[in-house]
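Letter by letter, the chains look like this.
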Amino acid sequence: MPRLRGNLHAHTTFSDGVRSPGDLIAEYERLGYDFLAITDHEGWIPSTYWRALERQPSNLLLFHGIELNYDPLDQHVGKVLGDREILHVLNHPARYRLSVRETIERIGVIRADGLPLDAVEVTDTGHRRPLYDCPEIPLVKIATDDAHRPPHFGRAWVEVEAHRDRDSIIRAIKAGDFALGFSAT
Ligand SMILES: [Zn+2]
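What counts and what doesn't
- Residues numbered from 1 in each chain as written.
- Predicted model: local features only at pLDDT ≥ 70, side-chain atom pairs only at ≥ 80, totals over all residues.
- Heavy atoms only, no water.
- Buried < 20%, exposed > 50% of the residue type's maximum accessible area, 1.4 Å probe, protein only.
- Helix = DSSP H or I, 4+ residues; strand = E, 2+ residues; numbered from the N terminus.
- Pairing = 2+ DSSP bridges.
- Donors = N, O, S within 2.8 Å, 3.2 Å for Na, K, Ca; no water.
- Tetrahedral: all angles 85-135°; square planar, octahedral: opposite > 155°, others 65-115°.
- Salt bridge = Lys/Arg side-chain N within 4 Å of Asp/Glu carboxyl O.
- Phe/Tyr/Trp six-rings, centres within 6.5 Å; stacked < 30°, edge-to-face > 60°.
- Lys NZ or Arg CZ within 6 Å of the ring centre and 35° of its normal.

Quick rundown of the pairing of strand β4 (residues 75-81)? Include the residues and the values.
With five of its seven residues buried, β4 lies for the most part within the structure. Inspection of the sheet shows strand β3 (residues 61-70) paired to β4 by seven bridges, in the antiparallel sense. Among the inter-strand pairings, Gly-65 is bridged to a residue of β4, identified as Val-80. What sits between the antiparallel neighbours β3 and β4 is a turn of four residues, in which Asp-74 has the positive phi angle 55°. Note: β4 against strand β5 (residues 86-90), five bridges, orientation antiparallel. Bridging across to β5, Val-80 finds its partner in Leu-87. Hairpin connection between β4 and β5: a loop of four residues separates the two successive antiparallel strands.

Mind laying out the coordination of the zinc ion, listing which residues take part and the relevant values?
Those donors, His-9 (NE2), His-11 (NE2), Glu-67 (OE) and Asp-146 (OD), are the protein atoms that reach the zinc ion, and they lie 2.0 to 2.3 Å from it. If you look at the zinc ion, its four donor atoms make angles of 78 to 172° with each other, and the shape they trace is irregular. Written as a sequence motif, the donor arrangement for the zinc ion is H-x1-H-x55-E-x78-D. Of this pair, His-9 sits in the loop between β1 (3-7) and α1 (21-30) while Asp-146 sits in the loop between β9 (140-142) and β10 (156-161), and the two are 137 residues apart along the sequence.

Tell me about unusual backbone geometry, residues and numbers included.
In this model, Pro-150 is joined to Pro-151 through a cis peptide bond whose omega is 5°. Residue position: Pro-151 is located in the loop between β9 and β10. With phi around 25°, His-92 is a residue other than glycine that occupies positive phi space. Its location among the elements puts His-92 in the loop between β5 and α3 (100-112). Note on His-92: relative accessible area 1%, which makes it buried. Non-glycine residue Asp-146 carries a positive phi angle of around 40°.

Tell me what's going on with the pattern of salt bridges, and back it up with residues and numbers.
Tallied over the full model, the rule gives ten salt bridges. Taken together, the shared-partner salt bridges connect Arg-3, Arg-5, Glu-159 and Glu-161 into one network.

Tell me what's going on with the packing of aromatic side chains, and back it up with residues and numbers.
Applying the stated rule across the entire model yields five aromatic pairs. Geometrically, the ring pair formed by Phe-35 and Phe-63 is edge-to-face, given 5.7 Å between the ring centres and 65° between the ring planes. With a gap of 28 residues between them, Phe-35 in strand β2 (residues 35-41) and Phe-63 in strand β3 connect regions that are remote in the sequence. Each member of the pair Phe-35 and Phe-63 is classed as buried. Members of the aromatic cluster, connected to one another through ring pairs, are Phe-14, Tyr-49 and Trp-50. The cationic tip of Arg-5 hangs over the ring face of Trp-157; the distance from NZ or CZ to the ring centre is 3.9 Å. One residue, Arg-106, lies across the ring of Tyr-96, its end atom 5.5 Å from the ring centre.

Here it is in structure tokens:
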């Protein structure tokens, strides 16, 4: 089974990223990544967003996605689409300075409101936040760049043992069959 490296959280000029989708894809292709999720903010994207993503040529495996805002808590939730599978991520609890207990409570509130959660980011814009990499938080722990601009690209990633298709990658992540990676910068 190949070991595939990817970033599950990135922004383009469709919201507050500085790279066009094409330039962002090229950035991650240069870094040797196998997959990338584009997850622009739901409140910013134009109606053409999803169609535009479909038209992006890409050598790496591209996931379409979106960063939702759970309004009652003003909490960002990543939604990464496979072909059938969907990965939901509690994004950057570190940015909200949540304690572990507050993070667990927040997960409960969001799930009780009907929004599923599979994973939590143990990074903030690619910087490691090990507080959240603890067994008490009942989600798989992922690392992402939350890339908006240089120098965010390539700081933190997941390495998944899976076939090179979107649903296999999402299933492997949900099952915890992956490792985290961090660059020195
Ligand atoms: Zn983001």
